[in-house]
Amino acid sequence: MPNSKTISLFLIFILQASILIEPVKAQNKDLKLDDPSVSKWIKIDDFESTNPLQQWILADTRNDTKPKIENPQVTEVRSENEIPNHYLIKKPAAEGIVGNRKALSYKKLPITVNIGETYTFYTRFKVEYFPNNHIFGLSNLNPEGINLNDYNALEPSLRITDKYESDGTKNTGTLMVRKDGEYAYIFNKKTNKTANPLQSGKWYEVWYVVNNAKVNNGGQSYDVFIRGGDEFPKQQCVFTDATFRMKRELPLTYFLTNCNTGPVYKPYGNGGLCYDDIYMAPGKVLTVPID
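Residues numbered from 1 in each chain as written. Predicted model: local features only at pLDDT ≥ 70, side-chain atom pairs only at ≥ 80, totals over all residues. Heavy atoms only, no water.

**Quick look at unusual backbone geometry**
Part 1: Along the chain, Lys66 connects to Pro67 via a cis peptide bond; the corresponding omega equals -10°.
Part 2: On the secondary structure map, Pro67 appears in the loop between strand E2 (56-60) and strand E3 (74-79).
Part 3: At Asn192, a residue that is not glycine, the phi angle is positive and equals roughly 60°.
Part 4: Positive phi, normally seen in glycine, also occurs at Gln220, with a value near 60°.
Part 5: Along the polypeptide, Gln220 turns up in the loop between strand E13 (203-211) and strand E14 (221-228). (Helix = DSSP H or I, 4+ residues; strand = E, 2+ residues; numbered from the N terminus.)

**Topic: the confidence of the model for the chain**
Part 1: The predicted model of the chain has a mean per-residue pLDDT of 90, with 87% of residues at 70 or higher.
Part 2: Contacts from residues 5-34, a stretch scored under 50 in pLDDT, to residues over four places away or in other chains number four contacts. (pLDDT = per-residue confidence, 0-100. Contact = heavy atoms within 4.5 Å.)

**As for the side chain of Arg124**
Part 1: Counting through the fold element by element, Arg124 comes out in strand E6 (residues 118-127).
Part 2: For Arg124, the side chain forms a polar contact with the side chain of Asp276, separated by 2.9 Å.
Part 3: Polar contacts involving the side chain of Arg124 include one to the side chain of Asp277, which spans 2.9 Å.
Part 4: Once residues within four sequence positions are removed from consideration, Arg124 is found in contact with Glu80, Asn85, Trp203, Tyr204, Glu205, Cys274, Tyr275, Asp276 and Asp277. (Polar contact = N/O pair within 3.5 Å; in protein donor to acceptor, adjacent residues only side chain to side chain.)

Written out as structure tokens, the structure is:
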């Protein structure tokens, strides 16, 4: 039988251990570790590293600037004034420069999305100003294929522009998705109307749930959720069953952005698009990966 001294020492040990453990419990509660989605998010980029563009590939594959300017796209990391945060801004060229028709910037995904898999992608974005012409999304080609195919290198994609189309119709600046070979505006189910044009200078969050199964298995499609601006103070589903652009049925490997000044004789405008906090997660995950 243990004596009273042994029992006392044991009780003191238990008390000290509980004091040490308690802050850890409180800390874990703050982290909400009971939410399984917290650990699912995988960072693609948040632009806070020492050399944030080191792993990005920049290519101007149709540079029609006259006089010719080498590497005319503006793709750089900037910092916000109000808070300690860095983000990427993408512009087809500096102000007043036209003729850069394909300004590509892309980065390899940390995890390949194989055929048959579903992943959710999260991106924060902000329109610098209109007029502009931007698109971003995912590709299943290698760098050589991306440079060769530009827009057709994309599969699931999100488009932002207020440019005139060749048939004379004018886009509004509302976020668009790809649907059956055409572009379609996102839809506000609460107002039962097409969503409003994006507001310049305001951050939006977008979740796109990407189904990379084969077409005959119901894949090559994506659903879109958004939050931000005056119109979407809460997360809302704004499009279901958008379709991949090419439906190549290959593993998705790159996050890809593209923008365009338009032709020299009829430019679109050089308004930029800002990107931040690009993440991916297996399955359908509609939480926020960052504070």
